[in-house]
Amino acid sequence: MIKARRAVAFGFLVATTLFCAQPPIRPGEVWRDNRGQQIQAHGGGMLQWKGKYYWFGEDRSEGNNPDRRYVSCYSSKDLAHWKFRRQVIALEDPEHLGPKWILERPKVFHNARTRKFVMYAHLDDGRYRAARVAVLVSDRIDGEYRYLKSFRPLDEESRDIGQFLDDDGAAYLIFESRPTNGFFIAQLSDDFLSVEKKVSFVQAPLEGGALVHYNGLYYVMGSHLTGWHPNPNVYATSPSLSGPWTTFKDIAPPETNTYGSQSTLMLKIAGSKKTTIIYMGDIWRPKALWDSRYLWMPLEIDNGNLRLPPPHDWTVNAKTGEVALTQ
Ligand code: GAL
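Computed from a predicted model, the values in this text were never measured in an experiment.

Thresholds, definitions, all that
- Residue indices begin from 1 for each chain and proceed along its sequence in written order.
- Local features in this predicted model are restricted to residues whose pLDDT is 70 or higher, and side-chain atom pairs enter the listing and the counts only when it is 80 or higher, whereas totals over whole chains, interfaces and linings include all residues.
- In computing side-chain properties, one takes all heavy atoms of the structure into account and sets aside hydrogens as well as water.
- In this text, helices come from DSSP runs of H or I with a minimum length of four residues, and strands from runs of E with a minimum of two, each type numbered from the N-terminal end.
- We compute the radius of gyration from the C-alpha atoms alone; for a globule the expected value is 2.2 Å times N to the 0.38, where N is the number of residues.
- Accessible area is worked out with a 1.4 Å probe on protein chains only. A residue is then buried under 20% of its type maximum, exposed over 50%, and partly exposed in between.
- It only takes one pair of heavy atoms within 4.5 Å for two residues to be counted as in contact.
- Per-residue accessibility takes into account occlusion by the displayed protein chains alone, with areas from the Shrake-Rupley method and a 1.4 Å probe.
- Counting rule for charge: Lys and Arg are taken as positive, Asp and Glu as negative, and neither His nor the chain ends is counted.
- Working definition for charges: the position is that of NZ of Lys, CZ of Arg, CG of Asp or CD of Glu.
- Here a residue is near a molecule or strand as soon as one of its heavy atoms is found within 4 Å of it.
- For the purposes of these results, a polar contact is taken to be a pair of N or O atoms within 3.5 Å, where, inside protein, one atom must be able to donate a hydrogen and its partner to accept one; residues adjacent in sequence count only when each atom of the pair is a side-chain atom.
- Residues are grouped as follows: Ala, Val, Leu, Ile, Met, Phe, Trp, Tyr, Cys and Pro are nonpolar; Asp, Glu, Lys and Arg are charged; every other residue, Gly included, is polar.
- Pairing of aromatic rings covers Phe, Tyr and Trp, the last through its six-membered ring, and needs centres within 6.5 Å; plane angles under 30 degrees mean stacked, over 60 mean edge-to-face, and all others mean tilted.
- Nonpolar cores were defined as sets of buried Ala, Val, Leu, Ile, Met, Phe, Trp, Tyr and Cys residues, with membership established by side-chain atoms within 4.5 Å.
- Should DSSP find at least two bridges between two strands, the strands are regarded as paired.
- A pair is scored as a salt bridge if a Lys or Arg side-chain nitrogen falls within 4 Å of a carboxyl oxygen belonging to Asp or Glu.

## Here we look at the overall build of the protein
The secondary structure content of the protein amounts to two helices and 23 strands. In terms of overall size, the protein behaves like a compact globule, its C-alpha atoms giving a radius of gyration of 20 Å where 327 residues would be expected to give roughly 20 Å. Overall size of the protein, expressed as C-alpha extent along the three principal axes, is 75 × 45 × 40 Å. Taken across its 327 residues, the protein has 52% of its residues classed as buried. Sequence-distant contacts, at least 24 apart, represent 49% of the contacts inside the protein between residues at least 6 apart. Carbon and sulfur atoms provide 51% of the accessible area of the protein, an area that totals close to 15,400 Å². Charge separation in the protein, taken as the distance between the mean sites of 41 positive and 36 negative side-chain charges, equals 7 Å.

This is the structure:
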């Protein structure tokens, strides 16, 4: 009897350890998917859909056909285990941009009215002179996205793009525009297939743009224009998306160059106990892009002040929103 009870208790212990222990997120380390392969979702975006997170990003796998550009999609319930869904695009040069053509920083939105999934990406030639966005569409979140068109949003040059979904469901594209020396925040049309309305132009030459709404303030973030090399990323705030924005401040001690990373998104986890904002950054390895790493950390935000803490292994409870550094 005692033995049986002990066995039950032991079983319970094993079960709770197996099913409840959350593996840590390890900034800068190799991050593997359910197949054991290194996650390829660089310059990524995120969509929350029916209880899961879908992470989309540049797939730079070594085995890819060099004439095509790839975007992969992964899904997760807990933000730590990622299941590879598929390469949602494996596109051939859609606008005759030449052999070194570029497709970067894919971002996917879901349009509730048309029920389509709409992907935006930076589309360019090898010298970054076309400065356009590509729009691709799919009926399924992890289906094959069909190339629709490309354009310059608001007729402006557009290189790095970022995505933002406001609490009212309105979707925005952030895009860097070199000739204007700044970046735009622009609202998408009702069907999300075009960029309709300038909401803000921020006179600061920043890329890797990210935006979040937290406790009544908008926080916008970006990096300086140093290509693959990290620099001190900065942020500003405003009570309204249309500004006025405060002056920009460093998100981390400037000498760390954002701990070697570049911003791509701020992910809002509105948990049952806490709202957590996760900084998602890329640690680029320009000579081996497939081996670029991710730096995800919960941001410390308090009343208009934002800080990226030093990278450390940590866990998140995606249900409650609570985070903890691991020992
Ligand atoms: C970075 C940009 C990346 C990529 C790179 C190429 O500034 O954020 O997405 O375009 O330049 O040099």
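## What about the site of the ligand?
Taken together, the neighbourhood of the ligand is formed by Glu104, Arg105, Tyr128, Asp160, Glu207, Gly227, Trp228 and Gln262. Here an oxygen atom of the ligand sits 2.6 Å away from a polar atom, N or O, in the side chain of glutamate 104. Within the contact set of the ligand, an oxygen atom lies 2.3 Å away from a side-chain nitrogen or oxygen of glutamate 207. Contact with the protein chains removes 89% of the 310 Å² of surface that the ligand exposes when unbound. For the shell around the ligand, the class distribution of residues is two nonpolar, two polar and four charged.

## So, the packing of aromatic side chains
Note on aromatic pairs: each is described by the distance of the centres and the angle between the planes. In the structure shown here, the tally under the stated rule is 18 aromatic pairs. On the basis of an interplanar angle of 80° and a centroid distance of 6.3 Å, the ring pair of phenylalanine 56 and tyrosine 145 is categorised as edge-to-face. Here the residue phenylalanine 56 occupies a position in strand E2 (residues 52–59), and tyrosine 145 occupies one in the loop between strand E7 (132–138) and strand E8 (146–151), the gap between them amounting to 89 residues. For the ring pair phenylalanine 175 and phenylalanine 184, a centre distance of 5.1 Å and an interplane angle of 15° mean the geometry is stacked.

## Some remarks on the environment of arginine 115
Along the chain, arginine 115 turns up in the loop between strand E5 (102–111) and strand E6 (116–124). The class of arginine 115 is exposed, set by a relative accessible area of 65%. In sequence terms arginine 115 and aspartate 191 are 76 residues apart; their C-alpha atoms lie 9.3 Å from each other. Apart from the residues within four sequence positions on either side, arginine 115 is in contact with His110 and Asp139.

## Examining the nonpolar core
Formed by 41 residues in total, the largest nonpolar core has its most connected members in Trp55, Leu79, Trp82 and Trp296. For this core, the element with the highest residue contribution is strand E18 (residues 275–283), accounting for five residues. Val71, Ile89, Phe117 and Met119 belong to the second largest nonpolar core, which has 21 residues in total.

## Regarding the pairing of E5
Burial runs high along E5: nine of the 10 residues are buried. What sits between E5 and E6 in their antiparallel hairpin is a turn of four residues, with arginine 115 showing a positive phi close to 60°.

## Examining the sheet that holds strand E15 (residues 234–238)
If you trace the four strands from one edge of the open sheet to the other, you get E13-E14-E15-E16, paired in antiparallel fashion. If you trace the sheet from one side to the other, it starts and ends with strand E13 (207–214) and strand E16 (249–250), each paired once. Pairing analysis gives five bridges linking strand E14 (residues 217–223) to E15, with the strands arranged antiparallel. Each residue of the ladder has a partner; that of methionine 221, found in E15, is tyrosine 235.

## Some points on the pattern of salt bridges
Applying the stated criterion to the full structure yields 17 salt bridges. Between glutamate 92 and arginine 68 there is a salt bridge whose closest N-O contact spans 3.1 Å. Here the residue glutamate 92 occupies a position in strand E4 (residues 83–92), and arginine 68 occupies one in strand E3 (residues 68–76), the gap between them amounting to 24 residues. Its salt-bridge partner being aspartate 291, residue arginine 293 comes within 3.0 Å of it at the nearest N-O pair.

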